[in-house]
Amino acid sequence: MIRINCFFKAAEKPDAMAKAVEAAKALTAKSLGHEGCVAYDVFCSATRTDVMMICETWKDQACLDKHSATPEFAEYVGIIQENGTLKIESFEF
């Protein structure tokens, strides 16, 4: 299995965090139905209003690759990136 942790920090512009969270929630809703998705969720920081994490678990690299190639992935990740910065960590277990 593959775990992806996407750490997000919002840009200093109006509604950046809200737009990113909305896109992350929409991506989560779509991703949960993708083949090989074991878990997918969004976590907003309780102590920093400009930080969230998207946590994903995938059956294997082939399923993750299919997910990453979907139109909704491009759309929603694009919105998230327009509103801040992402740092991605990936682990296989």
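This structure is a prediction, so every number in the text was calculated from the model and none was measured. (Residues numbered from 1 in each chain as written. Predicted model: local features only at pLDDT ≥ 70, side-chain atom pairs only at ≥ 80, totals over all residues. Heavy atoms only, no water.)

1. Regarding the nonpolar core
Among the nonpolar cores identified, the biggest contains 23 residues, and Phe-8, Met-52, Ile-54 and Trp-58 are the most heavily contacted of them. Mapped onto this core, the elements with two or more residues apiece are strand S1 (2-10), helix H1 (16-31), strand S2 (37-44), strand S3 (51-58), helix H2 (61-68) and helix H3 (71-82). (Core = buried A, V, L, I, M, F, W, Y, C linked by side-chain atoms within 4.5 Å. Buried < 20%, exposed > 50% of the residue type's maximum accessible area, 1.4 Å probe, protein only. Helix = DSSP H or I, 4+ residues; strand = E, 2+ residues; numbered from the N terminus.)

2. Re the environment of Ile-80
Locating Ile-80 in the fold gives a position in helix H3. You can call Ile-80 buried: its relative accessible area is 1%.

3. Describing the layout of surface pockets
Considered as a void within the structure, the largest pocket measures approximately 200 Å³ in volume. Looking at the largest pocket, it is lined by 17 residues, and the ones nearest its centre are Ile-4, Cys-6, Glu-56, Phe-73 and Ile-88. Within the residue set of the lining of the largest pocket, elements represented by two or more residues are S1, S3, H2, H3 and strand S4 (84-92). Counted by class, the lining of the largest pocket contains 11 nonpolar, four polar and two charged residues. (1 Å grid on protein atoms, 1.4 Å probe; cavity = no way out; pocket = protein on both sides within 12 Å on 5 of 7 lines; lining within 4 Å. Points joined across faces, edges and corners; volume = space filled by probe spheres on them. Nonpolar A, V, L, I, M, F, W, Y, C, P; charged D, E, K, R; others polar.)

4. Structural notes on the packing of aromatic side chains
If you walk through the whole model with that rule in mind, you get one aromatic pair. When the ring of Tyr-40 is compared with that of Trp-58, the centres are 6.2 Å apart and the planes differ by 85 degrees; the resulting orientation is edge-to-face. With a gap of 18 residues between them, Tyr-40 in strand S2 and Trp-58 in strand S3 connect regions that are remote in the sequence. Summarising the burial analysis for this pair, Tyr-40 and Trp-58 share the class buried. (Phe/Tyr/Trp six-rings, centres within 6.5 Å; stacked < 30°, edge-to-face > 60°.)

5. Concerning unusual backbone geometry
Even without a glycine there, the phi angle at Asp-15 is positive, about 65 degrees. Tracing the chain through its elements places Asp-15 in the loop between S1 and H1. Residue Asp-15 is classed as exposed on the basis of its relative accessible area of 52%.

6. Details of H2
For H2, the complete set of buried residues consists of Cys-63, Leu-64 and His-67. One face of H2 carries all of its buried residues, which in axial projection span an arc of 100 degrees. (Arc of directions from axis to C-beta.)

7. With respect to the pattern of salt bridges
Inspection of every chain in the model, using the stated rule, returns four salt bridges. The shortest N-O distance in the salt bridge between Arg-48 and Asp-50 comes to 4.0 Å. Between Glu-89 and Lys-87 there is a salt bridge, with the nearest N and O atoms lying 3.8 Å from each other. Residue Glu-89 is classed as partly exposed on the basis of its relative accessible area, which comes to 25%. (Salt bridge = Lys/Arg side-chain N within 4 Å of Asp/Glu carboxyl O.)

8. Overview of the side chain of His-34
Residue placement: His-34 occurs in the loop between H1 and S2. Among the polar contacts made by the side chain of His-34, one reaches the side chain of Glu-72 at a distance of 2.7 Å. With residues near it in sequence (within four places) discarded, His-34 still touches Trp-58, His-67, Thr-70 and Glu-72. (Polar contact = N/O pair within 3.5 Å; in protein donor to acceptor, adjacent residues only side chain to side chain. Contact = heavy atoms within 4.5 Å.)

So far we have only geometry, and geometry alone does not tell us how the molecule works.
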